[in-house]
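Listed below, chain by chain, are the residues.
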Amino acid sequence: MDIEGFLQHLGTCQKQIDNLINRVLPIKVGAVAKAHFQENFILGGFVNNGLQAWKPSKRTLSGKKSALSNYKTLLSSRNHLYSSIAYIPGSGMVKIVNPVEYAAVHNEGATFVVKPRQQVIHFNRKGRFSRDNKKASYAQKVNIGSHSVTIPKRHFI
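Worth saying up front: this structure is predicted, and the values here are computed from it rather than measured. (Residues numbered from 1 in each chain as written. Predicted model: local features only at pLDDT ≥ 70, side-chain atom pairs only at ≥ 80, totals over all residues. Heavy atoms only, no water.)

## Thoughts on unusual backbone geometry
Negative phi characterises most residues that are not glycine, and trans characterises most peptide bonds.
Inference 1: If you check the backbone angles, Asn49 has positive phi at about 55° while not being a glycine.
Inference 2: Not every positive phi belongs to a glycine, and Leu74 is a case in point at roughly 70°.
Inference 3: Inspection of the secondary structure assignment puts Leu74 in the loop between helix H2 (58-61) and helix H3 (80-83).
Inference 4: By relative accessible area, Leu74 is classed as buried at 14%. (Helix = DSSP H or I, 4+ residues; strand = E, 2+ residues; numbered from the N terminus. Buried < 20%, exposed > 50% of the residue type's maximum accessible area, 1.4 Å probe, protein only.)

## Regarding the nonpolar core
Inference 1: Among the nonpolar cores identified, the biggest contains 12 residues, and these are Ala33, Phe37, Phe41, Phe46, Trp54, Leu74, Leu75, Leu81, Ile85, Val100, Ala103 and Phe156.
Inference 2: The element best represented in this core is helix H1 (residues 3-43), accounting for 3 residues.
Inference 3: Setting aside residues no more than four positions away along its own chain, Phe41 makes contact with Trp54, Lys72, Leu74, Leu75, Leu81, Tyr82, Ile85 and Phe156. (Core = buried A, V, L, I, M, F, W, Y, C linked by side-chain atoms within 4.5 Å. Contact = heavy atoms within 4.5 Å.)

## Remarks on the side chain of Asn40
Inference 1: Among the secondary structure elements, Asn40 is positioned in helix H1.
Inference 2: When near neighbours in sequence (up to four residues on either side) are disregarded, Asn40 contacts Gly45, Phe46, Val47, Trp54 and Phe156.

## Things to note about the environment of Met93
Inference 1: Topologically, Met93 is positioned in strand E4 (residues 93-97).
Inference 2: Exposure remark for Met93: the relative accessible area of 44% places this residue in the partly exposed category.
Inference 3: Along the chain, Met93 and Ile27 lie 66 residues apart, while their C-alpha atoms are 9.1 Å from each other.
Inference 4: Excluding its chain neighbours within four sequence positions, the residues that come into contact with Met93 are Pro26 and Ile88.

## Let's talk about the layout of surface pockets
Inference 1: Roughly 340 Å³ of internal volume is contained in the largest pocket.
Inference 2: Of the residues that constitute the lining of the largest pocket, the class distribution is 5 nonpolar, 3 polar and 4 charged. (1 Å grid on protein atoms, 1.4 Å probe; cavity = no way out; pocket = protein on both sides within 12 Å on 5 of 7 lines; lining within 4 Å. Points joined across faces, edges and corners; volume = space filled by probe spheres on them. Nonpolar A, V, L, I, M, F, W, Y, C, P; charged D, E, K, R; others polar.)

## Here's the deal with the packing of aromatic side chains
Inference 1: For the structure shown, the criterion picks out 3 aromatic pairs.
Inference 2: On the numbers, 5.0 Å between centres and 50° between planes, the contact of Phe41 with Phe156 is tilted. Of the two residues, Phe41 sits in helix H1 while Phe156 sits in the segment after strand E8 (147-151), which places them 115 residues apart along the sequence.
Inference 3: We classify Phe156 as buried; its relative accessible area is 1%. (Phe/Tyr/Trp six-rings, centres within 6.5 Å; stacked < 30°, edge-to-face > 60°.)

## Quick word on a nonpolar patch on the surface
Inference 1: Judged by side-chain polarity, Met1, Ile3, Phe6, Leu7 and Leu10 come together as a nonpolar surface patch covering roughly 600 Å² of accessible area.
Inference 2: Relative to the elements of secondary structure, Leu10 occurs in helix H1.
Inference 3: By relative accessible area, Leu10 is classed as partly exposed at 45%. (Patch = residues over 30% accessible without salt bridge, like charges linked within 9 Å, V, L, I, M, F, W, Y side chains within 5 Å. Areas by Shrake-Rupley, 256 points an atom, 1.4 Å probe, with all protein chains shown as cover. Salt bridge = Lys/Arg side-chain N within 4 Å of Asp/Glu carboxyl O.)

## Some points on the side chain of Gln38
Inference 1: Tracing the backbone shows Gln38 in helix H1.
Inference 2: Setting aside anything within four residues of it in sequence, one finds Gln38 in contact with Tyr82, Ser83 and Ile85.

## A few points about H1
Inference 1: Across its 41 residues, H1 extends 56 Å between first and last C-alpha, which sits within 8% of the 60 Å expected from 1.5 Å per residue.
Inference 2: In the structure, H1 departs most strongly from a straight axis at Leu20, where the bend amounts to approximately 45°.
Inference 3: When we look at burial in H1, the residues that qualify are Pro26, Gly30, Ala33, Phe37, Gln38, Asn40 and Phe41.
Inference 4: Looking at the buried side of H1, the elements it contacts are strand E1 (45-47), H3, strand E3 (86-90) and E4.
Inference 5: Residue Gly44 follows H1 closely and has a positive phi angle near 80°. (Expected span 1.5 Å × (residues − 1). Bend = angle between axes of the 7 residues up to and from the residue.)

## Side note on the environment of His80
Inference 1: When you line up the elements, His80 lands in helix H3.
Inference 2: Under the relative-accessibility criterion, His80 is labelled partly exposed at 31%.
Inference 3: Spatially, the C-alpha atom of His80 lies 8.2 Å from that of Val100, the residues being 20 residues apart in sequence.
Inference 4: In contact with His80, other than residues within four places in its own chain, are Val100 and Tyr102.

If you want it as structure tokens, here you go:
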């Protein structure tokens, strides 16, 4: 192989390397990253040098036998947060995103202050809270004071 043949071979290798860096690897790395972050949901914590388990949700600790309490923390029947993890391949890079509006709150944790308000609560004949307003026998207007709601950090990306 002479110098010109070597330079030509080097040029084709450079094109293959550029194609690998700018097109092939971002897609493969993005798919691996998405699978890793979705695995965090299944394991119930963030995997980074070991599992950092999430604080369990109240519905899983309730002890009820409803279908809702059988789902793991941050999972539901729709798995909206889980399935919304996506990757956007770029030139020599990949961006992992979750466009769900509450994803950042779950990922980083937050405390919200709920303003005081009035609310009408419906009760059935036995005096129990009724979600169905049509079956309620009476209603009562109550004042709900200001309080804070804390959502713990459940790091998944």
